[in-house]
Amino acid sequence: MSHSSVPERASGALLTDWRPEDSTFWERQGHRTARRNLWISVPCLLLAFCVWMLFSAVAVNLNKVGFQFTTDQLFMLTALPSVSGALLRVPYAFMVPVFGGRRWTAFSTGILIIPCLWLGFVVQDPTTPFSTFIIIALLCGFAGANFASSMANISFFFPKQKQGGALGINGGLGNLGVSVMQLVAPLAVSLSMFAVFGGTGVQQDNGTMLYLENAAWVWVAPLAIFTVAAWFGMNDLATSKASLREQLPVLKRGHLWIMSLLYLATFGSFIGFSAGFAMLSKTQFPQVDIMHFAFFGPLVGALARSAGGAISDRLGGTRVTLVNFILMAIFSALLFLTLPAGGEGGNFIAFFGVFLLLFLTAGLGSGSTFQMISVIFRKLTMDRVKAQGGSEEQALREAATDTAAALGFISAIGAIGGFFIPKAFGTSLALTGSPAGAMKVFFVFYVVCVVVTWAIYGRKSSR
């Protein structure tokens, strides 16, 4: 169609003609635009995950540069970004249809420069009050909220049969930010990179220098670059425009809350294990320097998410999710066999191996549950609109809007796992001296998810 060629060529412009379910349109031009938006979205989301998990690398080093915070205060700083990130995902889920994907991606990426710059300055002043760090930690939570708007945005660009793969790539490679941050930050703080900006470092007892400000400042330039890339390289879709009032009815759907439970068990496990694994390992196997291995779990989980979406497009999200929850229940049960009892015994290699399998299945499940959400909400909305006498075009438009809103809101529920899982480990350790109590809760939760998935989506009569 000739009237679509102008916005197609105009990088960053509003696309007024967008029909991904039309195979001719998709093959002729749609797939190129969709992929360009996807591959700019991925690094933006990856950097957001880096900033979201920033305090897990900074907090452990604060007292090494002159601060006098208690262990409880430091754990609080690592948990706060997960709290604000989860809460903010709810409004972020509705922002793309209101403001447009290009504008919102650029804005939500650019504002992350503020906590990074601020944190880099305050870690160099040991008189900085704890309250200031609380504010910065909460601001880092804005980065965690980006996931909701990013996934909602990408869902508008791809046809139904390709959404699982596209969302898997966006979410999976975006989740890689956790692993990237855990790799880059320890290296960055050992090098003098920003002396020209006042990064002087603090000498340690062993004679080495610790440049803690670098853990925050190293992300500023990439954030600026991809903010510009999003503004000039992505698109806003006229077909995705919707007011908040048009999106809110999705909250009345029972399937929204059921899928929130399933997503909490998958993505919530991924982000919760990412936040709590190093701390848990240190309490159970203090003789092992876990920081050399901590990034492996999030790396495996993030890569598995991309695979989970693609496999679900081929085999069906429900089938993949059901098998995945069975495996998660088995692996969480096996974990008991690897833990030391009364401070003795235990096998770190087995512990680490089983945890890698949990990261793998949490990642696969994150991809497969998101594919389920896309399929379920698209079908529900299209059936409803057609039953009301609406046109095919109207049904497709409302289905895309409802699906995006559902994806964003459900992702907010899943993010709570980033706070709940480390807190559960900490509470279990404080009460019993062992993480076994927390693991029993997780095991029961995964078994419940097996039953829910089969009963509501897996049986022939439920389809």
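Being a predicted model, the structure only gives us computed values, none of them experimental.

Examining the nonpolar core
And step 1. Ranked by internal contacts, the top residues of the largest apolar core, which has 123 residues, are L62, L119 and F133.
And step 2. Not counting residues within four places of it along the chain, the set of residues in contact with F133 comprises F55, L62, F67, F69, L77, L119, V122, V123 and T128.
And step 3. Listed in part, the 7 residues of the second largest apolar core include L88, M95, A145 and A148.

Focus: the confidence of the model for the chain
And step 1. Of the residues in the chain, 94% reach a pLDDT of 70 or more, and the chain-wide mean stands at 86.
And step 2. Ranking the helices and strands of the chain by mean pLDDT puts helix α11 (residues 220–233) first, with 97, and helix α1 (residues 5–9) last, with 39.

Some words on the packing of aromatic side chains
And step 1. Counted according to the given criterion, the structure contains 39 aromatic pairs.
And step 2. The ring of F370 has R305 sitting right over it, with the charged end atom 4.9 Å from the ring centre.

Observations regarding the environment of S56
And step 1. Mapped onto the secondary structure, S56 falls in helix α3 (residues 54–58).
And step 2. Considered as a pair, S56 and M181 are 125 residues apart in the sequence and their alpha carbons are 9.4 Å apart.
And step 3. Those residues in contact with S56 that lie beyond four places of it in its chain are T78, M181 and Q182.

Brief notes about the pattern of salt bridges
And step 1. Scanning all chains against the criterion turns up 9 salt bridges.
And step 2. Here K379 ties to D383 by a salt bridge, and the two come within 2.7 Å at their closest N and O atoms. Of this pair, K379 and D383 are both found in helix α16 (residues 348–387), 4 residues apart, which corresponds to roughly one turn of the helix.
And step 3. Between R384 and E398 there is a salt bridge; the shortest N-O distance is 3.4 Å. One end of the pair, R384, is in helix α16; the other, E398, is in helix α17 (residues 392–415), with 14 residues separating them in the sequence.

A few points about α16
And step 1. Here α16 spans 58 Å end to end across 40 residues, near enough to the 58 Å set by a 1.5 Å rise per residue.
And step 2. Its side-chain oxygen 3.1 Å from the backbone nitrogen of I349, N347 forms the N-cap of α16.
And step 3. Looking at the residues trailing α16, positive phi occurs at G389, about 90°.

Observations regarding the packing of helix α13 (residues 254–284) against helix α18 (residues 417–432)
And step 1. Running from N to C, α13 and α18 cross one another at 40°; their axes reach a closest spacing of 7 Å. You can see that α13 and α18 cross each other, and the crossing is right-handed. Contacts between α13 and α18 involve L264, G268, S269, I271, G272, F273, A275, G276, M279, L280, T283 and Q284 from the former and G417, G418, I421, P422, F425 and L429 from the latter.
And step 2. Tallied by class, residues from the contact of α13 with α18 come to 10 nonpolar, 8 polar and no charged.

A short note on the environment of G426
And step 1. With respect to the helices and strands, the residue G426 is situated in helix α18.
And step 2. In sequence terms G426 and M328 are 98 residues apart; their C-alpha atoms lie 21 Å from each other.

Comments concerning the side chain of S260
And step 1. Along the chain, S260 falls in helix α13.
And step 2. Sequence-distant contacts of S260, that is, excluding residues within four places in its chain, are made with I410 and I413.

Observations regarding the state of the cysteines
And step 1. Scanning the model with the defined rule gives 0 disulfides in all.
And step 2. Lacking any disulfide linkage, C44 is separated from the closest cysteine sulfur, that of C50, by 12 Å.
And step 3. C116 provides the cysteine sulfur closest to C140, a residue in no disulfide bond, and the two sulfurs are 6.2 Å apart.
And step 4. Taking the relative accessible area as the measure of exposure, C140 reaches 0% and is therefore buried.

Thoughts on the environment of F277
And step 1. For F277, the location among the structural elements is in helix α13.
And step 2. Taking the C-alpha atoms as reference points, F277 and I421, 144 residues apart in sequence, are found 9.6 Å from one another.
And step 3. Not counting residues within four places of it along the chain, the set of residues in contact with F277 comprises I290, A294, F351, F352, F355 and F359.

Regarding the side chain of S274
And step 1. Along the chain, the position of S274 falls in helix α13.
And step 2. Reaching out from S274, the side chain makes a polar contact with the backbone oxygen of F270 at a distance of 2.7 Å.
And step 3. In this structure S274 touches V178, Q182, P298 and F359, once residues within four positions along its chain are discounted.

What counts and how
Residues numbered from 1 in each chain as written. Predicted model: local features only at pLDDT ≥ 70, side-chain atom pairs only at ≥ 80, totals over all residues. Heavy atoms only, no water. Core = buried A, V, L, I, M, F, W, Y, C linked by side-chain atoms within 4.5 Å. Buried < 20%, exposed > 50% of the residue type's maximum accessible area, 1.4 Å probe, protein only. Contact = heavy atoms within 4.5 Å. pLDDT = per-residue confidence, 0-100. Helix = DSSP H or I, 4+ residues; strand = E, 2+ residues; numbered from the N terminus. Phe/Tyr/Trp six-rings, centres within 6.5 Å; stacked < 30°, edge-to-face > 60°. Lys NZ or Arg CZ within 6 Å of the ring centre and 35° of its normal. Salt bridge = Lys/Arg side-chain N within 4 Å of Asp/Glu carboxyl O. Expected span 1.5 Å × (residues − 1). Polar contact = N/O pair within 3.5 Å; in protein donor to acceptor, adjacent residues only side chain to side chain. Axes fitted to C-alpha atoms, helices over the stretch in contact; angles between N-to-C directions. Left-handed = near helix turned anticlockwise from the far one by under 90°. Nonpolar A, V, L, I, M, F, W, Y, C, P; charged D, E, K, R; others polar. Disulfide = S-S within 2.5 Å.

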